[in-house]
Amino acid sequence: MKTLKTLFRLSAFLAFLISWLSLAEHPSLAQTVEKGALDKTLNMIVGMPPGGSIDGYSRLVQHHLPHFLLGNPTIVVQNKPGAGSLLSVLAVENSRPTDGLAIGTFSSSLIPDAISDPARFKIDFRHFRFIGNVGEDYRVCYVRSDTGIKSIKDLASQDQVIFGATAAGTSGNLNVAILKEFLKVKIKQVLGYPGSAAKRLAFERGEIDGDCGGVDVIPEEWVTTNKIQMIVRFLSNLAPGVNKNVEFIGDALNNNDDRKVYDFMIMPSRMVGLFMVPDKTPPDKVEELRHGFDAMVADDTFRADAQKARLPLAAIRGIDVEREITGLYATPPDLLQRAKVILKE
C-alpha cells in the first residue's frame, strides 16, 4: 500500500514537472488565456435611443466584434439616452469592474461641448481609452420641398424656419447652431424630441419644416420622391446620394477665424461610432479590443452589412482617435470661447 502511495505521488509530481517545463519552454502557452482575456459578457452602453445612426453602429459592432476577440464574448447593448448622451458617458466612467467591462458609444458632439465648457459638462475625454471609430456622420440640412427653399441664400432669406431639436450636445443642434452663427439663418427649434426617429415622425406630420441629420438615416423615399430639398452639407466630400448642387457650408466662410472655429466644431462629424472604455481598463484588454476592432472594420462581411444598413464607414484606429481628441483640447482659448457661445445657442 505504501509503495502504491509513493508511486502515485511520484506520478503526480512528474506530471506537474512536465507541464511546468513545457510552459517554461513555451511561455506564450501560459499567456494565451490571460493576456487580453475579456469577460464573457461585455456591456455596451449607447447614449442615444434606438432608430438613429449611433444605435445602428452599436448593433453592427455588437454582432461582429465578438468574432474578432479572444473567447468570442457576448455583447449586451443597453440604450441610455439623456442629456445629449452625457448620461451614458458618465455611466461608462463610473462603471465598476465587478459589473463587467463597459464599452461606451455616444453623440460625438459632446466632445466640443466638453472642451469648450468643462465647468458645465464635467467630463474629460482624454480620460478614456478609445477602441476605435467606425464611421463618419455625413450630415445635411434639408427642408420640405413645398417650402420653396432650394439654396443657402433662400434659407437665409426666410423670416422663420422651424426645425426639431433634442437635448443640448447632439449633432442636429450643433448643425443648427452653425447655421445661425455663420449664415445668420433664422431657425426656430421645437425642443423635446428624444431622437432622430421622433423628429422624422414630426416632419411627416408637418410639425416642423426641416431638420439636420445624417444622410444614412434620411428615408430613401423622401429623396426619390422629392419630398425634401437638401440645402447644405457639412463635409467637403460628396457622399453617395448627395447631389453636387448641395452646397458645402465651408465654401461660404470667408473669414479665417470663422473657418477655424467651424473646423473645431465640425471635426467630431468625422468621428461617429466612437467606442471607448474607462481609463482604468487594463492595458492588455484595451489592446485586445483595439486589435479586434481593427480586424472587424477591415472584414468584408462587416463592410457588407454596414452597406446594407446604410451606415457609412470611415474607420479610425483608437490611438489615432485619442491623438485627434488631444489636439482638440489644444485649441486656442479665444476660439474655444467663441465656440462655447455658439454651442450654448
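Reference entry: report on the structure contained in this document. (Residues numbered from 1 in each chain as written. Predicted model: local features only at pLDDT ≥ 70, side-chain atom pairs only at ≥ 80, totals over all residues. Heavy atoms only, no water.)

Observations regarding unusual backbone geometry
What you tend to see is this: most non-glycine residues have negative phi, and most peptide bonds are trans.
Here is step 1 of the chain: Even without being glycine, Ser85 reaches a positive phi, approximately 80 degrees.
Here is step 2 of the chain: Position of Ser85 relative to the elements: it lies in the loop between strand S2 (74-79) and helix H4 (86-93).
Here is step 3 of the chain: When its relative accessible area of 0% is taken as the criterion, Ser85 is described as buried.
Here is step 4 of the chain: Located in the positive-phi region is Asn226, a residue other than glycine, with phi close to 60 degrees.
Here is step 5 of the chain: In this structure, Asn226 sits in the loop between helix H10 (220-224) and strand S9 (228-233). (Helix = DSSP H or I, 4+ residues; strand = E, 2+ residues; numbered from the N terminus. Buried < 20%, exposed > 50% of the residue type's maximum accessible area, 1.4 Å probe, protein only.)

Notes on the pattern of salt bridges
Here is step 1 of the chain: Following the criterion strictly, the structure yields 20 salt bridges and no others.
Here is step 2 of the chain: With its nearest N and O atoms 3.2 Å apart, the salt bridge here joins Asp146 to Arg144.
Here is step 3 of the chain: Judged by relative accessible area, Arg144 falls into the buried class, the value being 18%.
Here is step 4 of the chain: One salt bridge connects Asp258 with Arg338, and the closest N-O pair in it is separated by 2.6 Å. With Asp258 in helix H11 (residues 256-266) and Arg338 in helix H15 (residues 333-344), this residue pair connects regions lying 80 residues apart in the sequence.
Here is step 5 of the chain: Within this structure, Arg129, Asp279, Glu287, Arg290 and Glu322 form a network of salt bridges that share partners. (Salt bridge = Lys/Arg side-chain N within 4 Å of Asp/Glu carboxyl O.)

Describing the nonpolar core
Nonpolar side chains tend to gather and get buried jointly when the protein is soluble and globular.
Here is step 1 of the chain: Core analysis: the biggest nonpolar cluster contains 56 residues, and Phe125 and Leu179 have the highest contact counts within it.
Here is step 2 of the chain: Per element, the largest residue contribution to this core is seven residues, and it comes from helix H8 (residues 171-183).
Here is step 3 of the chain: Look past the residues within four positions of Leu179 in its chain and what remains in contact with it is Cys141, Leu155, Lys184, Val185, Ile187, Cys212, Val232, Phe234 and Ile249.
Here is step 4 of the chain: Counting 28 residues, the second-largest nonpolar core is a separate cluster that includes Tyr57, Leu60, Phe302 and Ala306. (Core = buried A, V, L, I, M, F, W, Y, C linked by side-chain atoms within 4.5 Å. Contact = heavy atoms within 4.5 Å.)

Quick notes on the packing of aromatic side chains
Here is step 1 of the chain: Per the counting criterion, the structure on display carries seven aromatic pairs.
Here is step 2 of the chain: On the basis of an interplanar angle of 40 degrees and a centroid distance of 4.7 Å, the ring pair of Phe203 and Trp222 is categorised as tilted. Here the residue Phe203 occupies a position in helix H9 (residues 196-204), and Trp222 occupies one in helix H10, the gap between them amounting to 19 residues.
Here is step 3 of the chain: Relative accessible area serves as the criterion here: at 2%, Phe203 is assigned to the buried category.
Here is step 4 of the chain: Its relative accessible area of 1% is what places Trp222 among the buried residues.
Here is step 5 of the chain: An aromatic cluster of three or more residues is present, and its members are Phe106, Phe125 and Phe128. (Phe/Tyr/Trp six-rings, centres within 6.5 Å; stacked < 30°, edge-to-face > 60°.)

Description of the state of the cysteines
Here is step 1 of the chain: Taken as a whole and assessed by the stated rule, the structure comprises one disulfide.
Here is step 2 of the chain: Across the disulfide, Cys141 is cross-linked to Cys212 (sulfur-sulfur distance 1.9 Å). Its S-S torsion of about 95 degrees marks the bond between Cys141 and Cys212 as right-handed, since a negative value means left-handed. Taken together, the residues Cys141 in strand S5 (residues 139-144) and Cys212 in strand S8 (residues 210-214) connect sequence positions 71 residues apart. (Disulfide = S-S within 2.5 Å.)

Overview of the environment of Ala314
Here is step 1 of the chain: Within the fold, Ala314 resides in the loop between helix H13 (300-308) and strand S12 (316-317).
Here is step 2 of the chain: With a relative accessible area of 21%, Ala314 lands in the partly exposed category.
Here is step 3 of the chain: In this structure the C-alpha to C-alpha distance between Ala314 and Asp137, which are 177 residues apart in sequence, comes to 9.2 Å.
Here is step 4 of the chain: What Ala314 contacts, discounting residues up to four positions off in sequence, is Asn133, Val134, Gly135 and Glu136.

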